[in-house]
Amino acid sequence: MSANTWLATGNFYTTYKQEQKTFFTSLDRSVFTFFLIILFAWPLFFPLSNKFMLVIDNTLIAVVAVMGLNLVTGFAGLISIGHAAFVGIGAYTVASFCRTMGDTHIIITHFWPLMIILSGLVGAGFGAIVGLPALRLKHLYLAIATLSFQMIFQWVINFMTFFNQGQTISVGRVFWFTGKVGRKDHYFFWYYAILVVVILLGFGFRNLLKTRYGRCLIAVRDNDRAADAMGINPGLTKVYAFALAGFFAGVAGALHAYVYRGVGFESFTLHESIGYLAMAIVGGLGTLNGSFWGPVFIKFLDLQMEHLSEAIGQYLPSGMNLTTAMKPFTFGLVIVLFLMYESRGIANWWRITKSYTKLWPFRY
Amino acid sequence: MAHLNVSNVTLSFGGLKALSRVDMKIEAGLITSIIGPNGAGKTSMLNCISGFYHPTQGDIDYKGKKLTHASPHQVSNMGISRAFQNLELFSGLSVLDNLLLARHQNLKYSFLHAVFFYGKASRIEAENRAFVEGVIDFMELEPYRKSLVGNLSYGVQKKVEVARALTLAPDILLLDEPMAGMNQEEKEDIVRFVMDIQKEKGITVVLVEHDLGVVMDISDRIYVLDFGEVIGSGTPEEVAQNPKVIEAYIGED
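Residues numbered from 1 in each chain as written. Chains lettered and ligands numbered in written order. Predicted model: local features only at pLDDT ≥ 70, side-chain atom pairs only at ≥ 80, totals over all residues.

### Here we look at the overall build of chain A
Inclusion rule: In DSSP terms, a helix is any run of H or I states spanning at least four residues, a strand is any run of E spanning at least two, and both are numbered starting from the N terminus. Every radius of gyration here is taken over C-alpha atoms, with the globule rule written as 2.2 Å times N^0.38, N being the number of residues. Counting other C-beta atoms within 10 Å of each residue's C-beta, where C-beta atoms are placed from the backbone, gives the exposure class: buried for 20 or more, exposed for 12 or fewer, partly exposed between. A pair of residues counts as a contact when their C-beta atoms, built from backbone coordinates, are within 7 Å of each other.
Secondary structure assignment for chain A yields 14 helices and four strands. Computed over its C-alpha atoms, the radius of gyration of chain A comes to 22 Å, within 12% of the 21 Å expected for a compact globule of 364 residues. The dimensions of chain A, computed from C-alpha atoms along their principal axes, are 65 × 50 × 50 Å. The buried share of chain A, reckoned over its 364 residues, is 44%. At a minimum sequence separation of 6, the contacts of chain A that also span at least 24 residues come to 78%.

Here you go:
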């Protein structure tokens with residue numbers, strides 16, 4: 001058999017191991033590798049201003065958070081409207097270290113990868129606790145339970161002096177092998193750091209879906225009665241799903257704290273939670289690549305709306321603040337349009353494109 | 001020595017007694033059928049065994065262990081799997097994934113193995129896949145391996161339902177009306193599968209079925225339920241002679 005490994009003209013697998021591959025053709029793999037190289041290389045050739053780099057860093061952080069949300073809402077079918085609070089848990093884990101040990105303590109500045117993992121674990125712990133109502137509650141009622149977690153989180157942060165009552169807690173600059181990461185390179189540096197995190201978590205996510213730890217989520221989503229009969233403990237699986245989501249969110253929170261060099265509660269409000277949910281829906285619930293499309297699409301849209309309303313704003317009386325009006329408006333419009341016309345999100349377009357081009361150059 | 005022992009089981013919902021003082025002995029390696037008119041409590045009985053309902057009174061023992069208050073996943077981990085009457089498949093997944101899912105507890109690798117997907121997880125998943133292919137082969141589902149379960153015809157979905165229960169590699173298989181709503185040909189297929197499951201795989205089968213012809217032909221033991229009570233039991237011949245059973249099915253003259 002001299003199978004063409006570049007084009008998927010047929011199924012040439014002879015072992016089940018071969019079918020486990022992430023990339024089915026060499027073409028897929030090369031395109032993906034090329035894409036990764038571009039992701040790593042472009043900032044070197046087209047340096048952006050700090051402002052735009054921050055937007056991109058932000059998008060990548062949202063990707064991490066939305067991956068977690070996609071696990072719990074997309075794959076396990078448990079609506080969570082408290083996701084920003086989980087992100088906040090991660091950020092405040094870093095912040096509480098800063099409060100107790102000082103924001104330039106060596107643990108914060110030198111061992112930041114450990115801090116990020118630790119924040120993820122703390123997020124997972126809180127996720128598991130918040131997931132407990134899922135043992136009893138379903139659908140909308142569970143959503144309300146997660147909403148209450150969001151509220152509790154905001155109140156606790158707002159009223160505890162330890163957390164500076166929601167005011168910014170600063171986080172020190174980190175060190176890399178080359179020394180302290182300065183003001184100029186800050187966003188540039190974090191772009192790479194977050195990119196690596198996204199890639200690692202993305203592959204972890206992908207692998208998980210191929211194993212029993214991913215399949216049990218889907219089982220619980222599709223039919224938890226049958227899942228129960230098939231030897232899957234639905235309660236435990238739901239708690240586990242929340243813990244996983246909490247981990248992703250915690251990591252995102254820690255990254256957020258480091259990128260902004262400070263933690264304030266307004267980044268983790270209900271509004272942000274809804275934002276994450278919208279990103280997951282626009283990207284496509286229950287798909288891995290949807291977790292990438294959604295944040296990129298929404299953040300890009302936000303940016304464009306800002307530009308547009310600034311441009312239009314010049315011709316309007318100065319009392320009218322178009323930006324504040326346009327952002328929520330387009331945001332809402334996009335969600336409604338997606339729910340109406342493409343409820344499976346951008347990931348569905350991707351799927352369709354792939355299935356069209358799969359057999360190229362043959363028609364069928 | 002009975003394999004699965006149901007003793008004195010009563011199940012009541014408020015004032016309604018779905019089952020009252022039911023005794024059953026399900027012996028290893030046989031096909032035991034539970035029959036009875038609509039609403040007689042056949043499915044309630046299966047639900048009690050598989051842990052979806054818990055009997056108000058009485059006990060269910062399996063190999064010396066009590067199942068009375070076990071939850072469904074615990075029961076299925078002990079080696080008792082079931083197929084549902086109303087299809088309870090994971091409709092958004094392919095046939096293959098449905099079956100892979102059912103192997104959940106039989107896959108032994110840790111979470112970290114799964115995340116990195118090296119060595120152990122990959123190897124076990126490949127073995128798992130081979131096992132599932134065996135079941136697909138057995139149930140003659142090869143053409144549908146990759147198709148979404150929701151898009152398949154009713155008859156095939158029923159077959160997937162049975163296949164999924166088989167994938168758990170159970171000792172006892174509970175089948176809840178596997179032939180309901182099927183045409184003659186499909187029925188014959190399922191009957192053949194049920195007999196193969198018993199003979200080739202040596203799995204004890206508990207069958208709930210309405211089709212008396214089928215039940216009389218393939219069963220080794222029959223329990224007849226009516227209004228939640230066992231009104232007759234024994235071999236098909238004995239049951240067919242039992243005046244109470246005749247009365248329940250045909251009515252008094």
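### A look at the overall build of chain B
Along chain B, the regular secondary structure elements total ten helices and ten strands. A globule of 253 residues ought to have a C-alpha radius of gyration of about 18 Å, and chain B, at 19 Å, matches this closely. C-alpha atoms of chain B, sized along the principal axes, occupy 70 × 40 × 35 Å. A burial count over chain B gives 45% of its 253 residues as buried. Of the contacts made within chain B by residues no fewer than 6 positions apart, 64% connect residues no fewer than 24 positions apart.

### Section: the nonpolar core
Going by this rule: Structurally, a nonpolar core is described as a collection of buried Ala, Val, Leu, Ile, Met, Phe, Trp, Tyr and Cys residues joined by way of C-beta atoms within 7 Å.
Ranked by size, the top nonpolar core spans 180 residues in total, and within it Val64(A), Ala65(A), Phe248(A) and Leu255(A) carry the most contacts. Sequence-distant contacts of Leu255(A), that is, excluding residues within four places in its chain, are made with Ile61(A), Val64(A), Ile116(A), Ile194(A) and Val197(A).

### As for helix 3 (residues 83-101) of chain A
Residue and element names in this part refer to chain A. Put simply, the rule reads: Given a helix with a known number of residues, its expected span is that number minus one, times 1.5 Å.
Here helix 3 spans 28 Å end to end across 19 residues, near enough to the 27 Å set by a 1.5 Å rise per residue. Counting buried residues in helix 3 gives 15 out of 19 residues, a clear majority hidden from the surface. Gly-102 sits one or two positions beyond helix 3 and adopts a positive phi of about 90°.

### With respect to the sheet that holds strand 2 (residues 16-26) of chain B
Residue and element names in this part refer to chain B. Note the cut-off: Note: two strands are recorded as paired if DSSP finds a minimum of 2 bridges between them.
Strand order in this open sheet of four strands is 2-1-4-5, and the pairing throughout is antiparallel. Two strands close off the open sheet at either side, each with one partner strand: strand 2 and strand 5 (65-66). Examined bridge by bridge, strand 1 (residues 4-13) and strand 2 share seven bridges and lie antiparallel to one another. Considered in strand 2, the bridge of Asn-5 is made with Lys-25.

### Details of the interface of chain A and chain B
As a reminder, the rule being used: We call Asp, Glu, Lys and Arg charged. Ala, Val, Leu, Ile, Met, Phe, Trp, Tyr, Cys and Pro are nonpolar, and the rest, Gly among them, are polar.
Facing the 24 residues of chain A at the interface are 33 residues of chain B. Looking at the side of chain A that touches chain B, the elements that each hand over two or more residues are helix 7 (186-209), helix 8 (212-222) and helix 9 (224-229) of chain A. Element by element, the count of residues in the side of chain A that touches chain B is highest for helix 8 of chain A, at seven residues. Partitioned by chemical class, the residues of the side of chain A that touches chain B number ten nonpolar, seven polar and seven charged.

### Section: the sheet that holds strand 6 (residues 80-83) of chain B
Residues and elements named next belong to chain B. Put simply, the rule reads: The convention used is that axes are lines fitted to C-alpha atoms, helices contributing only their stretch in contact, and that angles between N-to-C directions extend from 0 to 180 degrees.
What the six strands build is an open sheet, ordered 6-7-8-3-9-10; its pairing is mixed. Every other strand in the sheet has two partners, leaving strand 6 and strand 10 (229-234) as the edge strands with one partner each. Neighbour to neighbour, the strand axes of the sheet diverge by 15° on average, direction disregarded. Relative to strand 8 (residues 204-208), strand 3 (residues 31-35) runs parallel, the two being bridged by four bridges. Each residue of the ladder has a partner; that of Ile-34, found in strand 8, is Val-208. Across the sheet, helix 6 (residues 154-167) lies against strand 6 and strand 7 (172-176), angled at about 170° from strand 6, the strand it touches most.

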